[in-house]
Amino acid sequence: MTTTPGNDIALALIAQDIMFLRRFARSITAAPQLAVVPIFCMHNYMCLIIHESHRALRHIAPDLSDALAYDYAPAIERARQSVKLYDDKYKELDDIGADFRRIVDEHREEFLNNTWLPLARPLEKDLVLWRFRGRLVSTSHTASFFLAFPPQAFKDSEMLGAKLHAIAVEQGSYIATAADGLPWEGQSFFDTVQETDLTKTEVRAEKYYRLSFDPILPEEIKASLAAMTCALNTTSVLVTDDRNPSSAITLWKLRYITLHHALSSLRKLDEEYGAQLRPPDRSLLKGVLDSPTSNLILQTHGGFRNTLVHYRPSWQVQERLSLQAPLYGLLDAYFSVDEAQALYEQLADHTAHVASRMSAWCEN
């Protein structure tokens, strides 16, 4: 491996993310009875880190990359793309809507109209909601989108466990090998999770989505917005008890990426449906998009987001980076001094604010 400032920064970013995942993997092994929903919440982020770190290591540490080869590549590739929501360059808003339309219809067909007694059919449920400390962090539709699970998996706990185990084996093997020799030990956010923190509710999807967001929005778009709300709550509520200093960079990165793609997706939603929304809903959406911190995140800042995701900083900024600087100097390389300081200090609070506004809109 050729040592360059860019490679040093990339390896440091990868190490922070891998140690974060290793702590999470260790903690869910210690408490598997509580792990299913947090795995739903973290799966696409785990896949993003695994895929992108492996791709970066092919260029800067090919021997290590060869040792970390993993299976289930298509599943991991698909899951890491799902982080983008409407921001996927290969899919338009309507394409994401079509994905959720299929999921909603498949779950409806699987779970409704099964009882022999017609009078009991209105009591059947086809959507599961999981909350962490009262905030929505996953739904059965969201989990299907992120993990590509069929609706039958949510009916059969053994099938669900087997599918999660197969994925976890591949992820765990990569993470354990990549973390070998790194000082990954310490507390994970999952170590603070209590059984009473997690609640499960089964509802009728048609009624739930009818009462969610704005009535003008199609059901499948509402389902995708619920998934966005889950992602925001994951990064603002579920992981918030992680006080390990080694987690700070990864948590900042996950919040920035989630907020970046959520805001960009909401801007596309506004372009498509904004003029048709009720005044209170339009005001809520505009309030989220027009805040100074949102505007700062939505501006184009060269390769900042790309470096966080893909690890390898562009050569134009490498000489400005330092392993001793906050976030390795990346913020100062792409933003003005005032913008860098504001974004670094305000990101967690702004993620929590946007998550709170989306939660209010989702479950009003």
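Residues numbered from 1 in each chain as written. Predicted model: local features only at pLDDT ≥ 70, side-chain atom pairs only at ≥ 80, totals over all residues. Heavy atoms only, no water.

Trainee: What is the right way to look at helix α11 (residues 279-289) in this model?
Mentor: Since one α-helical turn is 3.6 residues long, residues separated by three or four positions face the same way. Regarding α11, the residues found buried are D281, L284, L285, V288 and L289. When α11 is viewed along its axis, its buried side chains cluster within an angular range of 130° and face the same direction. For α11, exposure combined with an orientation more than 90 degrees from the buried face picks out P279 and P280. (Buried < 20%, exposed > 50% of the residue type's maximum accessible area, 1.4 Å probe, protein only. Helix = DSSP H or I, 4+ residues; strand = E, 2+ residues; numbered from the N terminus. Arc of directions from axis to C-beta.)

Trainee: Even after reading the chapter, I still don't get the packing of helix α5 (residues 93-111) against helix α9 (residues 219-238), so can you show me in this structure?
Mentor: Packed helices, taken two at a time, are described by the angle their axes make and the gap between the axes. The N-to-C vectors of α5 and α9 enclose an angle of 95°; their axes lie 8 Å apart at closest approach. By the angle between their directions, the pair α5 and α9 is classed as roughly perpendicular. For the pair α5 and α9, the contacting residues are L93, I96, G97, F100, R101, V104 and R108 in the first and E219, E220, I221, A223, S224 and A227 in the second. Grouping the constituent residues of the contact of α5 with α9 by class yields seven nonpolar, two polar and four charged. (Axes fitted to C-alpha atoms, helices over the stretch in contact; angles between N-to-C directions. Parallel < 35°, antiparallel > 145°, perpendicular 65-115°, else oblique. Contact = heavy atoms within 4.5 Å. Nonpolar A, V, L, I, M, F, W, Y, C, P; charged D, E, K, R; others polar.)

Trainee: Explanation requested: unusual backbone geometry in the structure shown.
Mentor: The phi angle of most residues is negative, glycine excepted, and most peptide bonds adopt the trans form. For L327, which is not a glycine, the phi torsion comes out positive at approximately 50°. Tracing the backbone through its elements, the reader meets L327 in the loop between α13 (304-310) and α14 (330-334). Judged by its relative accessible area of 4%, L327 falls in the buried class. Its identity as a non-glycine residue notwithstanding, Y328 has a phi of 60°, on the positive side. Here Y328 lies in the loop between α13 and α14.

Trainee: I would appreciate a short explanation of the pairing of strand β1 (residues 127-132) in the present structure.
Mentor: Where a strand is regular, its side chains alternate between the two sheet faces. Burial runs high along β1: six of the six residues are buried. Of the two faces of β1, the one lined by L127, L129 and R131 and the one lined by V128, W130 and F132 are each fully buried. When β1 meets strand β3 (residues 198-203), the two strands line up antiparallel, connected through six bridges. When the bridges of β3 are listed, L127 appears paired with V203. Relative to strand β2 (residues 135-139), β1 runs antiparallel, the two being bridged by four bridges. Paired with R131 across the bridge in β2 is L136. The antiparallel pairing of β1 with β2 creates a hairpin that spans two residues between the two strands, and R133 there sits at a positive phi of about 50°. (Pairing = 2+ DSSP bridges.)

Trainee: How should the pattern of salt bridges be read in this particular structure?
Mentor: Close approach of charged atoms lets side chains of opposite charge pair. The full count for this structure, using the stated rule, is 18 salt bridges. The partner of E52 in a salt bridge is R55, with the nearest N and O atoms 3.1 Å apart. Of this pair, E52 and R55 both sit in helix α2 (residues 36-60), three residues apart, roughly one helical turn. A relative accessible area of 1% places E52 in the buried class. Overall, the relative accessible area of 30% leaves R55 in the partly exposed class. (Salt bridge = Lys/Arg side-chain N within 4 Å of Asp/Glu carboxyl O.)

Trainee: Hey, could you run me through the sheet that holds β2 in this one?
Mentor: Sheet strands associate in pairs through backbone hydrogen bonding, adopting either a parallel or an antiparallel arrangement. Spatially, the three strands line up as an open sheet ordered β2-β1-β3, and their pairing is antiparallel. Edge strands, defined here as strands with exactly one partner in the open sheet, are β2 and β3. Along the sheet, successive strands turn relative to each other by an average axial angle of 30°, direction set aside. Each of β1, β2 and β3 is contacted by α2, which is oriented at about 80° to β2, the strand it contacts most. Relative to the sheet, α9 contacts β1 and β2, its axis offset from that of β2 by approximately 125°.

Trainee: Please clarify how the environment of A352 should be interpreted in this entry.
Mentor: Note on placement: A352 falls in helix α15 (residues 337-362). For A352, the contacting residues outside a window of four places in its chain are R135 and S236.

Trainee: Please clarify how the nonpolar core should be interpreted in this entry.
Mentor: Side chains that are nonpolar tend, in soluble globular proteins, to be buried together. Judged by nonpolar contacts, the single largest core of 123 residues is most densely connected at L225, L269 and F304. Here the element with the most residues in this core is α2; it accounts for 13 residues. If sequence neighbours within four positions are ignored, F304 has contacts with W252, Y256, L327, L330, L331, Y334 and F335. (Core = buried A, V, L, I, M, F, W, Y, C linked by side-chain atoms within 4.5 Å.)

Trainee: Looking at this structure, how should I read the packing of α2 against helix α7 (residues 157-178)?
Mentor: Orientation of α2 relative to α7, taken along the N-to-C sense of each, is 35°, at an axis distance of 11 Å. Seen along the crossing, α2 lies across α7 with a hand that is left-handed. Touching V36, I39, F40, H43, M46, C47, I50, S53, H54 and L57 of α2 are L160, L164, I167, Q171, Y174 and I175, all from α7. Classifying every residue of the contact of α2 with α7 by side-chain character gives 12 nonpolar, four polar and no charged. (Left-handed = near helix turned anticlockwise from the far one by under 90°.)

Trainee: So what exactly am I meant to see when it comes to the packing of aromatic side chains here?
Mentor: For any pair of aromatic rings, the description rests on two quantities: the centre-to-centre distance and the angle between the ring planes. Throughout the structure, instances matching the rule amount to 16 aromatic pairs. Arranged with centres 5.6 Å apart and planes meeting at 65°, the rings of Y208 and Y209 form a pair that is edge-to-face. Taken as a pair, Y208 and Y209 share a single burial class, namely buried. Between Y256 and F304, the aromatic rings sit 5.0 Å apart at their centres with planes inclined by 90°, giving edge-to-face as the arrangement. With Y256 in helix α10 (residues 248-273) and F304 in helix α13, this pair connects stretches of sequence that are 48 residues apart. For the pair shown, Y256 and F304 are each scored as buried. Taken together through their ring pairs, the aromatic side chains of W252, Y256, F304, Y334, F335 and Y344 make up a single cluster. (Phe/Tyr/Trp six-rings, centres within 6.5 Å; stacked < 30°, edge-to-face > 60°.)

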